[in-house]
Amino acid sequence: MVNAIAKFFTNLVNRFLPDPLVFAILLTIITFVLGIAMTPNSPLDMVKLWGDGFWNLLGFAMQMALVLVTGHALASSAPIKKGMTKLASIAKTPAQGVMLVTFMSAVACIINWGFGLVVGAMFAREVARRIPKSDYRLLIASAYIGFLTWHGGLSASIPLVAATKGNPMEKICGLIPISSTIFTPYNIFITVALIITLPFLTRMMMPKESEVVAVDPALLQDDVVVTKVVGKDATWAERIEESRLLAFVVGGFGIVYLGMYFLQKGFDINVNTVNLIFLTAGILLHKTPMAYARAITAATRGTSGILIQFPFYAGIQIMMEHSGLGGIITNWFVHIATKETFPIMAFFSSALINFAVPSGGGHWVIQGPFVMPAAQALGSDLGKAAMAIAYGEAWMNMAQPFWALPALAIAGLGVRDIMGYCVTALLFSGIIFVVGLHFF
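Remember, it's a predicted structure, so these values are computed and weren't measured experimentally.

J.: So what exactly am I meant to see when it comes to the overall build of the protein here?
T.: Of regular secondary structure, the protein possesses 22 helices and 0 strands. Relative to its length of 440 residues, the protein is compact, with a C-alpha radius of gyration of 22 Å against a globular reference of 22 Å. When its C-alpha atoms are laid out on the principal axes, the protein stretches across 75 × 50 × 45 Å. Burial statistics for the protein: of 440 residues in total, 53% are counted as buried. Counted over contacts in the protein with a minimum sequence separation of 6, partners at least 24 positions apart contribute 79%. For the protein, the centre of its 27 positive side-chain charges and the centre of its 21 negative side-chain charges are spaced 8 Å apart.

Shown next as structure tokens:
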């Protein structure tokens, strides 16, 4: 049954899902029209909001581009390749490969979402090398499906922001400690249930042997040689470029800084920390500055989708937030909720808004002012209300191709190759989220 559902959605996606850039443009137009129809804003007001917000995510876009290129460069180093090859060898069959990729990605995303996105896709490529008869589309989809766990993990943006002084909701509902969000029975149930069930779900999505789409060998080729042997007649400039000492010095800076950072702030991992870890480890494992530079150059080829699409989503987010459209949509769900159904209504409202604002932090800004006061008025658990917003964002990522861009860039695939499987995971994982929010 699961395989038939996955096949149905794959065919549907192949017919109707446009390229992610076109998808972002269509969402821009839809948000623009709804903003005019449902709020007091004029067309010129909405255009101004769009333009004012268009560049708001430049810093975040750079962070995500660095997550991709530094993670890719790290994974292309000889020691990491060897480690992934050894780990991938655990799987002996296509079914085992799919399950292993899903499990590893889900666990990695609990540690950190950026780490999980990159490592999951890299590991899927390695499994494809080891098991040529695997369906490459499903392997990469499995790596992205593991992303469902991220908002229950250690880098979950909404619960971490909710516990941070000065966040936008502090004056409304106070600080919400992570003991009331991440470290709760319902979150532990949801996260563990996803880790256990998702590998079996992706295994059941496997196509028949006659329908398997094998990987194009060209996508798995390491076509860039990063190491360079310096000859006896090399100039001083060439020798310093290939100096191991420089790589070790820079790597030492990174290690010392990260050591001080974690001693002062504990296990506080954010995007910048992940990027510094990736960069430090990458330059040390590639051993010379120019070897690392060549690895980075090879990795940058996959950043085009991030660079061009993030500004469109920044414009959409500001239109949703400043026009009041996001609040109107959220209130539709909140007003029909009772104390018992409130977390589920907040979950589905977050999922709907995620199509236009695929960002945890953006959800907190748009939905928090409506969801949290309503939770207080109904006497609903504030921590669960915050996590409902977080879960809705994580869940609907399976139908929103925004966060798949890094994995697709690494894999060399298009969005239509994987989204049918992801939508199938959306349907089945939704049961886990609803059960966790309602019964725990």
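J.: Would you mind going over the pattern of salt bridges with me for this structure?
T.: Side chains that carry opposite charge are capable of pairing whenever their charged atoms lie near each other. Tallied over the entire structure, the rule returns 5 salt bridges. The salt bridge involving arginine 294 is made with glutamate 242; its shortest N-O contact spans 2.7 Å. Of this pair, arginine 294 sits in helix H15 (residues 289-299) while glutamate 242 sits in the loop between helix H12 (236-241) and helix H13 (244-265); the two residues are 52 residues apart in sequence, bridging distant segments of the chain. Classification of glutamate 242 as buried rests on a relative accessible area of 11%.

J.: Please explain unusual backbone geometry as it appears in this structure.
T.: Apart from glycine, the bulk of residues carry a negative phi angle, and the bulk of peptide bonds sit in the trans form. One non-glycine residue, lysine 287, adopts positive backbone phi at about 80°. Counting through the fold element by element, lysine 287 comes out in the loop between helix H14 (271-286) and H15. On the basis of relative accessible area, lysine 287 is assigned to the partly exposed category, the value being 36%.

J.: What is the right way to read the nonpolar core from this model?
T.: Generally speaking, soluble globular proteins have nonpolar side chains that are buried together. Tyr144, Phe147, Met205, Met320, Met372 and Ile418 are the most contacted members of the largest nonpolar core, which has 115 residues in total. Considering every element that reaches this core, the biggest residue donor is helix H22 (residues 415-439), with 11 residues. Not counting residues up to four positions away in its chain, the partners in contact with methionine 320 are Thr31, Leu325, Gly326, Ile329, Ile353, Ala356, Val357 and Ile366. Ranked by size, the runner-up nonpolar core spans 9 residues in total, among them Ala247, Ile283, Ala295 and Ile296.

J.: Hey, could you run me through the packing of aromatic side chains in this one?
T.: By convention here, two paired aromatic rings are described through the distance between centres and the angle between planes. Scanning all chains against the criterion turns up 21 aromatic pairs. Pairing phenylalanine 54 with phenylalanine 312 gives two aromatic rings, centres 5.2 Å apart and planes at 80°, and the pair type is edge-to-face. Here phenylalanine 312 lies in helix H16 (residues 304-323) and phenylalanine 54 lies in the loop between helix H3 (43-53) and helix H4 (58-75), a separation of 258 residues in the sequence. The two residues phenylalanine 54 and phenylalanine 312 agree in class, both being buried. Taking 5.8 Å as the distance between ring centres and 25° as the angle between the ring planes, the aromatic pair formed by tyrosine 144 and phenylalanine 147 counts as stacked. Classification of tyrosine 144 as buried rests on a relative accessible area of 1%. The rings of Trp113, Tyr144, Phe147, Trp150, Phe310, Tyr313, Phe402 and Trp403 are connected pair by pair, giving a single aromatic cluster.

J.: Looking at this structure, I do not really get the side chain of threonine 31. What am I missing?
T.: You can see threonine 31 is positioned in helix H2 (residues 20-38). A relative accessible area of 4% means that threonine 31 is categorised as buried. Those residues in contact with threonine 31 that sit more than four places away from it in its chain are Met46, Ile316, Met319, Met320, Leu325 and Ala356.

What counts as what
- Residues numbered from 1 in each chain as written.
- Predicted model: local features only at pLDDT ≥ 70, side-chain atom pairs only at ≥ 80, totals over all residues.
- Heavy atoms only, no water.
- Helix = DSSP H or I, 4+ residues; strand = E, 2+ residues; numbered from the N terminus.
- Rg over C-alpha atoms; globule rule 2.2 N^0.38 Å.
- Buried < 20%, exposed > 50% of the residue type's maximum accessible area, 1.4 Å probe, protein only.
- Contact = heavy atoms within 4.5 Å.
- Lys, Arg positive; Asp, Glu negative; His and termini not counted.
- Charge placed at Lys NZ, Arg CZ, Asp CG, Glu CD.
- Salt bridge = Lys/Arg side-chain N within 4 Å of Asp/Glu carboxyl O.
- Core = buried A, V, L, I, M, F, W, Y, C linked by side-chain atoms within 4.5 Å.
- Phe/Tyr/Trp six-rings, centres within 6.5 Å; stacked < 30°, edge-to-face > 60°.

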